[in-house]
Every structure is written in structure tokens, then in C-alpha cells.
Amino acid sequence: MALLFNPATYNPSSFDEATRSRLLALVDFFETKGLARNKEEYYSGEWYTDFLDLIARDKIFATFATPAEVGAQTGTPDARWDLARINELNEVLGFYSLAHWYAWQVSVLGLGPVWLSGNETARKEVAGLLEDGSIFGFGLSEREHGADIYSSDMILRRNPSGGFTANGGKWYIGNGNAAGRLSVYGKFADDDPQHPGEHVFFLVDPSHSGYELLKNVVAGQMFVAAFELHDYPVAETDILHVGKPAFDAALATVNVGKVNLGWASIGICEHSFYEAVTHAHNRILYGNRVTDFPHVRRMLADAYARLVAMKMFAARSTDYFRTASEDDRRFLLFNPITKAKVTSEGERVIDLLWDVIAARGFERDTYFSRAASDIRALPKLEGTVHVNIALVLKFMPRYLGAAHGAAQDYPKIPVRQDAADDTYLFHQGPAKGLGSIGFSDWRPAFDRFAHLPNVAVFREQIDAFTQLVLTAPPTEAQQKDLDYLQVLGQLFTQIVYAQLILESAALALDHGQTRPGSVSDLSDLTEAHLDRMVAVFVNDMSGYAVELHGQASATDDQSKAALNIVRKPVIDSAAENAFVGEVLSYSGAYELKA
């Protein structure tokens, strides 16, 4: 029985041989280095030149991060933007080192505006650098404005002799110390004769004398740069996007990249899970094995249920992402949930495990001591949880309406583990019309498992939530009250989260679509797993409902309707003992050797 990624048994056999070889090379790199050396580098902040040498030698980023049409031009025949194998890469890197994963993540963000651009000269130049092993970065954030894409102090002024001169600073720019190119976001001068005050994306070469690297703004291996451009020359061929397309490219790039954070969270939690279960199950306190204490057993069971659910949602969300088109943009709901919900669940998993292992989680020689810190970053990057939950609410009317006569017909979406170039990601078009995106009826996903006790209870909670929204919707004032909307959004998000997990389960159990030979293999999934996951969801819905009830701005009708959502999960003692037994079977199953 195994539902978690285990490097000791990992065989990505569902992929082509070249992809499989590259993924296993990454595993071998970290396993050979060992825990002690990994931690030494982590604490010293040593830049990972050896890792980047591997990436360049084996062309890992070049093949995983180059669309097929661009790869064909640079002689990289196995290049494609294939989310199935990108998920593998994210989870493997997250499992071992978030710092190393970060070099990949910010390269993805830096490449986004390039692959979204029609500037063939720039695309070819960047593809060549990527082929040669370069990494990249995304120059959006500024010290004074954060990631506010409406504001920028990076200004391009037109030169009489042609081209432009850029001046300004950026803050929190990953890979800014070593990137082959940075995709930098700014504005044309207000008095520009052609594009006054308009947004612009342009390429910057950090090796140029007009680029001043100020410092690493964080302490650690990853390099998060502050830099200034001083009369930096920008040629017409360096311009990627101008005006509204630059704004859209920023949002589309974040759409492409932010799901990676969910997969990194999964990897961190898996490694921590092995370490925590092994420690707890082999420790005796007060004459008892730690894992015999009821509260420990419950916390480990909850952590495992949440972790498997994270994997199932993220994988199923990817199926929608890969199948997206102008006629099916449902991924725009599932995307921010992968970012906000999966990363938040990662924090909860780590907190549960930490309560089990207690002081052990601080010890320098553990993986967990870095995981406890690293996991906190992911909900806060590429748009905070609050930003993404607010985004999710835009979809709620059409989503809930799909179960009440307003469903939109779509073809069935299978598991997508095929080797395909996911080209729509770079043809998303303008960021608009989110509230008009339709959804299919989501009730069948729940009906398939209605015989499971906790699914039945959760359906009652969905009905109660729907009644809340219909009979006591947000007032005009509450529609601007982000505190109230955050709690409402969490309740709604939990429903969508459960839907995709149940869809994933039905595909695995009824149709044999288990994603074998991948980090997301569900060959060992049972309905018992599913019922225990949904038991956690029932508790979470009740918790959010109580929070909504207590909101200062909640009306009497809203507070009363919120309490109607509260339910108790069904926990059968025999089933729980069997579930905990599976959790404890992970004791000793994996350890990164010193």
C-alpha cells in the first residue's frame, strides 16, 4: 500500500525514456549528496552551482520548459511544455529542497512572457540560452509597489537614435544573480509619443554594465535579488509586450506558474511525513509507543488524509489545465485553488506532524527543520491565499447554478498523463470574463460516493451552504468586506476541492485511470481513503461555518444559516484503526541517508 512518492521505489515508467532518465538523475543527485551535505549547504546559503551544472548537462530545464514549436527551432526534439512531467519535476524538487526548486520556479515565470510573446527574435534568443543551460527570472515586484501590476517605477524612455533607456529598480527577483535573461515589467515614460505611460515587458541581460545587482534580500541558498537598471539600453528586439498585452502576459504567466507551488508543497509534506512517522513510531514515552496515544493517531491520520487529498486535487486540476481551450476555461477556477488551498493544506500537514514530533522538528540534522520554515513561503508567493480566494469567488454563482438548471455541457475529461505540448497555456488571451465561465453539474461526482458516510454528510453541508448563499447573500457592504468574503470563499473552495478529488477517485476506481508510473499513482486507492479524507472536509466546513457565524459584519440571517452547515464527521473505530495502521506502515519506508 503506497500513495506517496518514495524515491527508493520511484520509477516514472509512464514517461518516455529521456524524461524518465532526467527525473531519476535528479533523485540520484540529491540521494548521493545526502542529508548532511544538503543541510550544510542550506544553512550556509551556498549557491547550488553543482545542481545547475546537472540541469545544463542533462538539459532538464531546456526540455521541460521549452514549448515544442520553439524546441523544433533550436534542435531540441524532446522539448515540450508537458504539465504531466512538470508536475513530477516540481514534486521531486520540493521533496528534497525548496531552494533548488526555486531556481526552476522563477525560471518558469521568467520564460512565461517570452513564450507568450510574438517577438520571434527574443523567443529564439531565449531558447538558445535555455538550451545552453541558462536559468531565468521574472522582474515584476518592486520594493514600493510589491507585485502591483498597475504601478511601476521602472521607466523606459525613448532614445532619439532608436531604442529605449531603462531606469529603475526591482525587488524580490529570483535568480537575479545568475539569470541568462530577466523578463522585466515596467512602463513607458508618460511623455512617450507612441505609448505614453503604457505597460511594457522587456528582456534584460544581467551581465550588462547597466545592471547593478544590489543584494540577496533573503537569507538562504535561493538568490532573491534586488537590482537597479542605470541607463540600460533596450532595443526594439528586446520588447516582449506593450500596453494591455503586457498586463495580460503578467497575469497569464502567474496562471502558468502558480500551480507549481502546490506541487512543491506536496513534496515537502511527503518527505516530512516519512521522517515524522518513523520518529514517532519508534519512540517510547511513559512506557508507551508514541503512536499508541489517541491524539497522535488522530493527528497522523488527519495529516495523511490531507496529504493524499492534496495530491489528488492537484493531479485532477492538471487534467483540466491540459484540456483547456477557448471553449473550456474552467481551469481558471481550479488554478487558484491549487495555489491557495493545496499550499495552505501543506501548512496544516506540517503543523500536525510537528505537534507529533515536537522538539525533534527543531533539530538541525533533520529534514523537518527546514520543511517547517519552507512550507510557510508557498501560500504567500505568486499571489497570497487571500488574493486567490477572492478570485475564486468570481466563479461561485455559475458553479452553484450548474446544479440548479444552469449547467453547461462539456466533453468528459479523462486523466491526462499523455506526452503532449500544452500550448493553450501560452494562448490564453486577455484576462477577462471570469464570471461568465460555465460549469457542468458537479453533483454526479458526489452521487457516485453517496454511500460513504462522510460524503453523505458533506452533501448536507453543501446544501446548507447553497441555502446560505441563496437566502442570505452578501450585502452590498459585505461585497467590499474582504474579511467576510475570505471565509465565504473558503467554504466555497472546500466544495470545489472535494469535487475534483471525488472525480479523481472515480476515474481510478471505476475506469482504471490511476496514473501508474508517476508520483500521482492511485493504484492503491480505496473508498476507505476517500471517506477518511471527506471526514476532514466535514470538520473544515464546520470550522469555516462557525467562523462565518462569528463575523462582525454577518447579519442575523447569515449567522443562523452558517450554523446550519455545522456537522460532525462519521469516524468508525475499526476503519480508523485500519487507516492508522496504513499510516504507520510508512515508518522506515524511506530515509535520506546522511
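How each quantity is defined
Residues numbered from 1 in each chain as written. Predicted model: local features only at pLDDT ≥ 70, side-chain atom pairs only at ≥ 80, totals over all residues. Heavy atoms only, no water. Helix = DSSP H or I, 4+ residues; strand = E, 2+ residues; numbered from the N terminus. Rg over C-alpha atoms; globule rule 2.2 N^0.38 Å. Buried < 20%, exposed > 50% of the residue type's maximum accessible area, 1.4 Å probe, protein only. Pairing = 2+ DSSP bridges. Patch = residues over 30% accessible without salt bridge, like charges linked within 9 Å, V, L, I, M, F, W, Y side chains within 5 Å. Areas by Shrake-Rupley, 256 points an atom, 1.4 Å probe, with all protein chains shown as cover. Salt bridge = Lys/Arg side-chain N within 4 Å of Asp/Glu carboxyl O. Arc of directions from axis to C-beta. Contact = heavy atoms within 4.5 Å. Polar contact = N/O pair within 3.5 Å; in protein donor to acceptor, adjacent residues only side chain to side chain. Axes fitted to C-alpha atoms, helices over the stretch in contact; angles between N-to-C directions. Parallel < 35°, antiparallel > 145°, perpendicular 65-115°, else oblique. Left-handed = near helix turned anticlockwise from the far one by under 90°. Nonpolar A, V, L, I, M, F, W, Y, C, P; charged D, E, K, R; others polar. Phe/Tyr/Trp six-rings, centres within 6.5 Å; stacked < 30°, edge-to-face > 60°. Lys NZ or Arg CZ within 6 Å of the ring centre and 35° of its normal.

J.: Help me get a handle on the overall build of the chain, residues and values and all.
T.: Counting its regular elements, the chain contains 19 helices and 10 strands. The C-alpha atoms of the chain give 24 Å as radius of gyration, which agrees with the globular expectation for 594 residues (25 Å, within 12%). Its C-alpha atoms put the chain at 80 × 60 × 45 Å along the principal axes. Here the chain holds 594 residues, and the buried ones make up 60% of them.

J.: Give a detailed account of unusual backbone geometry, specifying residues and quantitative values.
T.: One non-glycine residue with positive phi stands out, namely Tyr286, at about 55°. Structurally, the position occupied by Tyr286 is in the loop between strand E9 (284–285) and strand E10 (288–289). Despite not being glycine, Ala358 shows a phi value in the positive range, around 50°. Looking at the element boundaries, Ala358 is found in the loop between helix H10 (331–357) and helix H11 (368–377). Relative accessible area serves as the criterion here: at 41%, Ala358 is assigned to the partly exposed category.

J.: So, the pairing of strand E1 (residues 136–139): which residues are in play, and what are the values?
T.: Within a regular beta strand, the side chains point alternately toward one face of the sheet and then the other, so they alternate between its two faces. Judged by which residues are buried, E1 turns out to be covered on both faces: Phe136 and Phe138 on one side and Gly137 and Gly139 on the other are all buried. Pairing analysis gives four bridges linking E1 to strand E4 (residues 181–188), with the strands arranged parallel. In the sheet register, Gly139 faces E4, and the bridge partner there is Val184.

J.: How would you summarise a nonpolar patch on the surface if you had to cite specific residues and measurements?
T.: A surface patch of nonpolar side chains, about 210 Å² in accessible area, is lined by Val546, Leu563 and Val566. Tracing the sequence through the fold places Leu563 in helix H18 (residues 556–563).

J.: Give me the lowdown on H18, citing residues and values where you can.
T.: In an α-helix, one turn spans 3.6 residues; hence positions three or four apart end up facing the same way. Looking at H18, one finds that the buried residues are Gln558, Ser559, Ala561 and Ala562. All buried residues of H18 lie within an arc of 165° about the axis, which places them on one face of the element. With respect to the buried face of H18, the exposed residues turned more than 90 degrees away are Asp556, Asp557 and Lys560. Here the buried face of H18 lies against helix H15 (453–471), helix H16 (482–511) and helix H17 (527–549).

J.: Please set out the pairing of strand E2 (residues 155–158) residue by residue, giving values where relevant.
T.: Summarising the sheet, E2 and strand E3 (residues 164–174) pair through four bridges and their orientation is antiparallel. Bridge pairing in E3 links Ile155 to Asn167. In this structure, the hairpin formed by E2 and E3 is closed by a connection of five residues, where Gly162 is found at a positive phi of approximately 115°.

J.: Quick one: what's the story with the side chain of Asp192, residue by residue and with numbers?
T.: Residue position: Asp192 is located in the loop between E4 and strand E5 (199–204). Judged by relative accessible area, Asp192 falls into the buried class, the value being 5%. Of note is the side chain of Asp192, whose polar atom sits 3.0 Å from the side chain of Arg158. When sequence neighbours within four positions are dropped, the list of residues in contact with Asp192 reads Arg158 and Phe164.

J.: Go over the pattern of salt bridges, please, and point to the residues and values.
T.: One pass over the structure, following the stated rule, counts 49 salt bridges. Of the charged contacts, one joins Arg57 and Asp58 as a salt bridge, the two residues approaching to 2.9 Å between their closest N and O atoms. With a relative accessible area of 19%, Asp58 lands in the buried category. Between Arg316 and Asp319 there is a salt bridge, with its nearest N and O atoms 3.0 Å apart. Of this pair, Arg316 and Asp319 both sit in helix H9 (residues 294–323), three residues apart, which is roughly one turn of that helix. One exposure class covers both Arg316 and Asp319, and it is buried. Within this structure, Asp16, Arg80, Asp82, Arg322, Arg416, Asp418 and Asp422 form a network of salt bridges that share partners.

J.: Residues and numbers for the packing of helix H5 (residues 83–96) against H9, please.
T.: Between H5 and H9, whose axes approach to 10 Å, the crossing angle comes to 150°. Classified by the angle their axes make, H5 and H9 are roughly antiparallel. Crossing hand, H5 versus H9: right-handed. Residues Leu83, Ala84, Asn87 and Glu91 of H5 touch H9, and the partners they reach there are Lys311, Thr318, Phe321 and Arg322. Here the residues of the contact of H5 with H9 are counted per class, giving three nonpolar, two polar and three charged.

J.: Break down the packing of aromatic side chains for me, citing the residues and quoting the values.
T.: Overall, the coordinates contain 39 aromatic pairs when judged by the stated rule. Between Tyr150 and Phe247 the ring centres are 5.2 Å apart and the planes differ by 55°, which places this aromatic pair in the tilted class. A residue pair is termed long-range when its members are at least 10 positions apart, and Tyr150 in the loop between E1 and E2 and Phe247 in helix H8 (residues 244–281) qualify at 97 residues. On the accessibility criterion, Tyr150 (57% relative accessible area) is exposed. Geometrically, the ring pair formed by Tyr399 and Trp442 is stacked, given 5.7 Å between the ring centres and 0° between the ring planes. Here Tyr399, found in helix H13 (residues 396–401), pairs with Trp442, found in the loop between H13 and helix H14 (443–447); they are 43 residues apart in sequence, far enough to count as distant. The same class applies to Tyr399 and to Trp442, which are both buried. One Lys or Arg, Arg143, reaches over the ring of Trp171 and ends 4.2 Å from the middle of that ring.

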